[in-house]
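So the chains spell out like this:
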Amino acid sequence: METGNIKTAWGMPIWVLRLVLLSLLCLLWEWATVRQPSLRVFVGQPSGIAVFFWDGLFVNGKLIQHGFWSILATLISFGLGSVAGILTGMMFAMSPRLEVFFQPILIALNSLPRIALAPLFLLWFGLGMGSKIALAFSLTFFIVLDSTVAGMRSVNPDHVTLARTIGASPGTIFRKITLVSALPTIFTGLRLGMIYALLGVIGSEIIASTQGLGQYLSFLAGVFNTDGVFAVLLLLAILGSAIGYLMTRIEARLLRWK
Amino acid sequence: MSSLGHTFSGGVTALTDFSLDIAPGEFVSIVGPSGCGKTTVLNLVAGLLDVQSGDVKVGTTSPKAGRHDVAYMMARDCLYPWLNSQQNAEFGNMIRKSDKADSTKRVLELLERVGLKGFEKAYPKELSHGMRQRVALARTFAMASPVLLMDEPFGALDAQTKLVLAELLDQLWEQEHRTVLFITHDLAEAIALSDRVIVMSQRPGRIIANIPIELERPRSVRALQKDPHFHEIYANVWSLLEQALEDKPTEVA
C-alpha cells in the first residue's frame with residue numbers, strides 16, 4: 001500500500017511525477033479555456049477555480065462554513081450508524097434466531113435506493129441537520145451491520161474450541177475471541193460506512209437543505225458558477241481522501257497484528 | 001474409559017467397545033488408520049463430545065470441557081493472531097485466572113526452553129509453522145493441568161521439525177511426568193514418546209493392540225532414530241498396524 005516512496009526511472013519520488021502530470025493537465029485546461037472562453041461555462045477555468053477555492057477557505061469563508069455543516073452531519077451520522085450497526089450485528093451474532101427473523105425485513109430496507117427516502121426524511125425531519133443525518137445513517141447502518149455479522153461469523157472454530165477446553169465462559173469467548181476476530185472485517189465496514197455517510201449527507205443536501213456543501217454545490221450549478229462547482233468538488237475530493245487516510249491510519253494502529 | 005461407543009448423527013459409528021485405563025503420569029499414544037476414531041476418543045475425554053454409551057472418567061469425575069486439570073492441544077497451532085507469543089502462551093492461565101506473575105515467569109521460561117527466546121513479542125504472522133507450534137506447546141505446558149490431551153500436535157509439520165518438537169515434548173514431559181493421551185498417525189513418533197502405544201482398528205474403532213514400550217527413560221527422540229531396539233519395536237508394532245489396515249482382528253497381549 002505504501003507507494004509514496006517508490007522511485008521512478010529517473011530517480012524522482014513518484015509524487016513529483018504525479019504533480020507534474022496534474023500541472024500539465026491544468027495548464028492544458030487553462031490554455032483551452034483562454035483560447036475558447038465559451039468553454040468556461042461547462043468546465044470552468046483552473047485559475048478561476050483556484051481563486052474561488054482560496055476565497056472560499058480564507059476570504060469569505062463560505063466553503064469552510066458549508067463544509068463545517070456537512071462534516072458535522074457526516075460525523076454524527078457515521079457515529080450513530082456505526083454504533084447501531086455494530087450493536088445490532090452483535091445481537092444477531094449472539095442470537096441467530098433474531099437474525100433469521102429480521103433478515104428479510106432488513107434486506108428489503110437495504111435494497112431500497114436510499115435517495116428515494118429523502119423526500120420522506122425531509123417531511124419528517126425538516127430542511128436542517130435531521131434529514132441528512134437520517135439519510136446518511138440509513139446507509140452507514142446497513143454497511144456496518146453487514147460487516148459486523150460477517151466478521152463475527154468468520155471466527156475460527158478452532159479458536160473457540162481451544163478457549164472452551166481452557167474453560168472460558170461463553171461471555172469471555174464472545175468478548176475475547178469472537179469480537180476481536182471480527183475487528184478487521186468491522187473496520188472494512190467502518191471505512192466504507194464513513195464514505196457512504198459523506199455520500200448520504202451530500203446527496204441529501206443536494207436534494208434540499210439550508211446549508212452544507214451539497215446545497216452550495218447545487219446553488220452554484222444553478223447560477224452557472226462552474227468554477228465554484230469545481231472548487232466544491234475539489235474540497236469534497238480532499239475531504240474524502242483525508243477521511244480514508246485517517247481511517248486507514250487508525251486501522252493500522254489498532255490491527256498491528258494483521 | 002470402559003466400553004465406550006460413539007455414533008455420529010450422520011450414522012457413522014466411530015467407536016465400539018473401546019476400553020482403556022491410563023495411570024497417572026503415564027504417556028499413552030493412540031495410533032490407527034485415518035478415520036479410526038482416535039480423535040473421537042480424545043474429544044470424549046476432553047468433554048468436547050457427549051458420551052453416548054459407556055463411561056469415561058478423568059480422575060474420578062466425568063469429562064467436561066474447560067476442566068482446569070486438563071489441557072488440550074491440537075494439530076493446528078490455534079494461536080490467536082492478535083496476541084504475541086508471550087500473550088498466547090499465557091492465554092490459558094489468563095482465562096484460568098492463575099497468578100499473573102507466576103504465569104509470566106513460567107511462560108518466559110517455557111518460551112526459552114522451546115527455543116523462542118527473543119520472539120516473546122512476535123505476532124503469529126511473523127513466525128513459521130514450527131515456531132507457532134512451539135508457542136502452542138509452551139501454552140499447553142504453562143497450564144498446571146496434570147492431564148494433557150494432544151490431538152496430533154505435530155501432524156501438520158514437516159518431518160524434521162516434527163522430530164525436533166517431539167524431542168522438546170519429551171524433555172518437557174520427562175521433567176514433570178504429567179498424564180498424556182497423545183493421538184497420532186505417526187507410529188515412530190508414538191513409540192519414541194510413549195510408555196504405551198494403543199493400536200486401533202479401522203472404523204468402527206476398537207483397540208487391537210495395547211503395547212508397553214520398554215525403552216529406557218530418559219530418552220532422546222532424536223537419538224532413538226538410530227537405535228536398533230527402537231526399530232525392532234517399530235517393526236513389531238507396524239506388523240500389527242498392517243493387520244489393522246487389512247482389518248483382521250487379532251488378539252495381542
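Residues numbered from 1 in each chain as written. Chains lettered and ligands numbered in written order. Predicted model: local features only at pLDDT ≥ 70, side-chain atom pairs only at ≥ 80, totals over all residues.

A. Quick peek at the sheet that holds strand β5 (residues 70-73) of chain B. All names here are of chain B. The mixed open sheet is built from six strands, whose spatial order is β5-β6-β7-β3-β8-β9. The open sheet has two edge strands, β5 and β9 (207-212), and neither has a second partner. For this sheet, the mean inter-axis angle between neighbouring strands, taken without regard to orientation, is 15°. Note that strand β3 (residues 27-31) and strand β8 (residues 196-200) share four bridges and pair parallel. Each bridged residue has a counterpart across the sheet, and for Val-31 the counterpart in β8 is Val-199. (Pairing = 2+ DSSP bridges. Helix = DSSP H or I, 4+ residues; strand = E, 2+ residues; numbered from the N terminus. Axes fitted to C-alpha atoms, helices over the stretch in contact; angles between N-to-C directions.)

B. Here's a closer look at the pairing of β8 of chain B. All names here are of chain B. Counting buried positions along β8 gives four out of five residues, so the element sits mostly inside the fold. Where β8 and β9 come together, five bridges link them in antiparallel fashion. Paired with Met-200 across the strands is Ile-207, a residue of β9. Linkage of β8 to β9, two consecutive antiparallel strands, is achieved through a turn of six residues. (Buried ≥ 20, exposed ≤ 12 C-beta atoms within 10 Å, placed from the backbone.)

C. Just the domain arrangement of chain B, in detail. Residue and element names in this part refer to chain B. Domain annotation for chain B reports domain 1 (1-69 + 146-220) and domain 2 (79-144). Relative placement of domain 1 and domain 2: their C-alpha centres are 24 Å apart. Listed per partner, the contact involves 11 residues of domain 1 and nine residues of domain 2. In terms of residue count, helix α5 (residues 159-176) provides more of the side of domain 1 that touches domain 2 than any other element does, five residues in total. (Domains from an automatic or database assignment. Contact = placed C-beta atoms within 7 Å.)

D. Representation of the UniProt feature "domain: ABC transmembrane type-1" (unreviewed entry) in chain A within the structure. Mapped onto the present numbering, the UniProt feature "domain: ABC transmembrane type-1" (unreviewed entry) falls on residues 67-247 of chain A. Each end of residues 67-247 of chain A is marked by a C-alpha atom, and these two atoms are 19 Å apart; helix forms 87% of the span and strand 0%. (UniProt positions renumbered as here; feature names shortened; annotations may be inferred.)

E. Spatial organisation of the packing of helix α6 (residues 118-125) of chain A against helix α7 (residues 129-153) of chain A. All names here are of chain A. Where α6 meets α7, the closest approach of the two axes is 8 Å, and the angle between their N-to-C directions is 140°. Classified by the angle their axes make, α6 and α7 are oblique. Relative to α7, the crossing made by α6 is right-handed. Counting all contacts with α6, which are made through Ala-118, Phe-121, Leu-122 and Phe-125, the residues of α7 involved are Gly-130, Ser-131, Ala-134 and Leu-135. For the contact of α6 with α7, the residue count by class is six nonpolar, two polar and no charged. (Parallel < 35°, antiparallel > 145°, perpendicular 65-115°, else oblique. Left-handed = near helix turned anticlockwise from the far one by under 90°. Nonpolar A, V, L, I, M, F, W, Y, C, P; charged D, E, K, R; others polar.)

F. Just the interface of chain A and chain B, in detail. With 13 residues of chain A at the interface, the matching set in chain B holds 17 residues. Contributions of two or more residues to the side of chain A that touches chain B are made by α8 (157-166) and α9 (170-207) of chain A. Sort the elements by how many residues they give to the side of chain A that touches chain B and α8 of chain A lands first, with eight residues. The residue inventory of the side of chain A that touches chain B, partitioned by class, reads six nonpolar, five polar and two charged.

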